[in-house]
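Okay, here's what each chain looks like letter by letter:
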Amino acid sequence: MGLLDNKVVIVTGGGRGLGRSHALTLARQGAVVVVNDVGCSVHGEGTDATVAEAVAEQIRVGGGSATSDSTSVTDHQGVGRLFRRTIEQFGRIDGVVNNAGIVRPNELLTAMTERDFDAVLAVHVKGTFNVLAHAALYFQRRWNEGDRSGGRVVNTTSGAGLRGSPALSYSTAKAGIAALTISAAMQLRPYGVTVNAISPVARTRMNPGAFAPASDAHAPGVDPLAPDHASALVAYLLSDAASWLTGQVLRVDGNVVRRYEGWKVGPRAYQGRGEVLEADELDDALRVLYGVLPVPYLDPANPRSVELPGVTET
Ligand SMILES: NC(=O)c1ccc[n+]([C@@H]2O[C@H](COP(=O)([O-])OP(=O)(O)OC[C@H]3O[C@@H](n4cnc5c(N)ncnc54)[C@H](O)[C@@H]3O)[C@@H](O)[C@H]2O)c1
């Protein structure tokens, strides 16, 4: 018995790196895998349908069930056709893994072209939207027809987007995917669909080892950059057992998994002297908020310039 017996799952970017590892792991767990990959270079150039097919073939040779597809996730209508073909062939879709990604070599604000910026956003953000949008239509229709199977979506974000990095378009795109994950989870929860994101670290052609995991908690013998750790998490998030968890971002760093806790309003607040904040009262106030000045610097003549409890986020 596998965790995903007979589940039909689409993995984008499933031909190489993390996506390939996900596809092989999901197949070992019993899933029927649709390996999607356009087969481009790490910078998003060119196409090669054999990249996806090689992984599908490897799964079939190992006794699993898989098919391949070379649609670019940037093609909204093409993704729609991929969904229709999958449903025609296998009768259903249970989960999707948004993993396809590219990087551009020059991320400097003063050198990056508009075309490069658009290309990175197109694969990561629009690609994730395209798959999510078709998944939402399909899962909602199924629910409204009385089928309570629900559905599973796993997106791929990155520490670059969540903690910030100088990689301009990549960080923007990955932060966007985290936001898409939360919005989609809220919208799809009533239909039994969970939407989560992983933030992996793995040795692939995109990251040949330059960015080592931050964790030093790995046991001896653990390869912290093996993609298999992230794939195990993806398999769990796609399973029936994971129905309780949605709208979350999980960091998988070698064999260590952590929850990401996002932007939070801090506990310290400055409340202005009058009905409207004035620019000239903010210099000391902001330095106190950021710890540059000690708290006693808050205006002693202003009884409201204290730490305020109960901040409400909007
Ligand atoms: N490797 C890491 O350490 C790391 C860290 C954080 C996030 N990620 C993310 O993980 C995902 C996989 O990255 P990887 O390291 O395995 O890279 P990779 O380059 O090895 O694999 C990416 C795959 O996506 C495919 N692809 C690219 N554009 C596509 C498109 N438009 N349509 C369909 N397929 C497309 C490529 O052909 C390639 O096979 C990416 O989203 C990446 O941003 C990777």
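It should be noted that the structure appears before, not after, this text.
Cut-offs used in this document
- Residues numbered from 1 in each chain as written.
- Predicted model: local features only at pLDDT ≥ 70, side-chain atom pairs only at ≥ 80, totals over all residues.
- Heavy atoms only, no water.
- Helix = DSSP H or I, 4+ residues; strand = E, 2+ residues; numbered from the N terminus.
- Buried < 20%, exposed > 50% of the residue type's maximum accessible area, 1.4 Å probe, protein only.
- Contact = heavy atoms within 4.5 Å.
- Salt bridge = Lys/Arg side-chain N within 4 Å of Asp/Glu carboxyl O.
- Near = heavy atom within 4 Å.
- Polar contact = N/O pair within 3.5 Å; in protein donor to acceptor, adjacent residues only side chain to side chain.
- Nonpolar A, V, L, I, M, F, W, Y, C, P; charged D, E, K, R; others polar.
- Phe/Tyr/Trp six-rings, centres within 6.5 Å; stacked < 30°, edge-to-face > 60°.
- Lys NZ or Arg CZ within 6 Å of the ring centre and 35° of its normal.

K.L.:
So what's going on with the environment of Arg205? Which residues, and what values?
P.N.:
Inspection of the secondary structure assignment puts Arg205 in the loop between strand E6 (193-200) and helix H7 (228-238). The partly exposed category is assigned to Arg205, whose relative accessible area is 42%. It is 12 Å that separates the C-alpha atoms of Arg205 and Gly15, two residues lying 190 residues apart in sequence. The contact partners of Arg205, leaving out residues within four places of it in the chain, are Arg16, Cys40, Ser41 and Val42.

K.L.:
How would you explain the pattern of salt bridges if you had to name every residue and give the values?
P.N.:
Oppositely charged side chains can pair when the atoms bearing their charge come close. Summed over the entire model, instances satisfying the criterion amount to 13 salt bridges. In this structure, the salt-bridge partner of Arg92 is Asp94, at a minimum N-O distance of 2.8 Å. Among the salt bridges present, the one from Asp253 reaches Arg258, with a minimum N-O distance of 3.9 Å. On the accessibility criterion, Asp253 (2% relative accessible area) is buried. Here Arg258 falls in the partly exposed class, since its relative accessible area comes to 40%. The structure contains a network of salt bridges with shared partners spanning Glu53, Glu57 and Arg60.

K.L.:
If you had to explain the site of the ligand to someone new, which residues and values would you point to?
P.N.:
In the region of the ligand, 30 residues are neighbours, and Asp37, Asn99, Tyr170, Thr204 and Arg205 sit closest. One nitrogen or oxygen atom from the main chain of Cys40 is found 3.2 Å from an oxygen atom belonging to the ligand. Secondary structure elements with two or more residues in the shell around the ligand: helix H1 (17-28), helix H4 (114-144) and helix H6 (168-188). Taken together, the residues of the shell around the ligand break down into 12 nonpolar, 14 polar and 4 charged.

K.L.:
Summarise the packing of aromatic side chains; cite the residues concerned and give the values.
P.N.:
Scanning all chains against the criterion turns up 1 aromatic pair. Each ring, one from Tyr138 and one from Phe139, has its centre 5.6 Å from the other, and the planes form 50°; the classification is tilted. Sitting over the ring of Trp143, Arg148 keeps its end group 4.1 Å from the ring centre.

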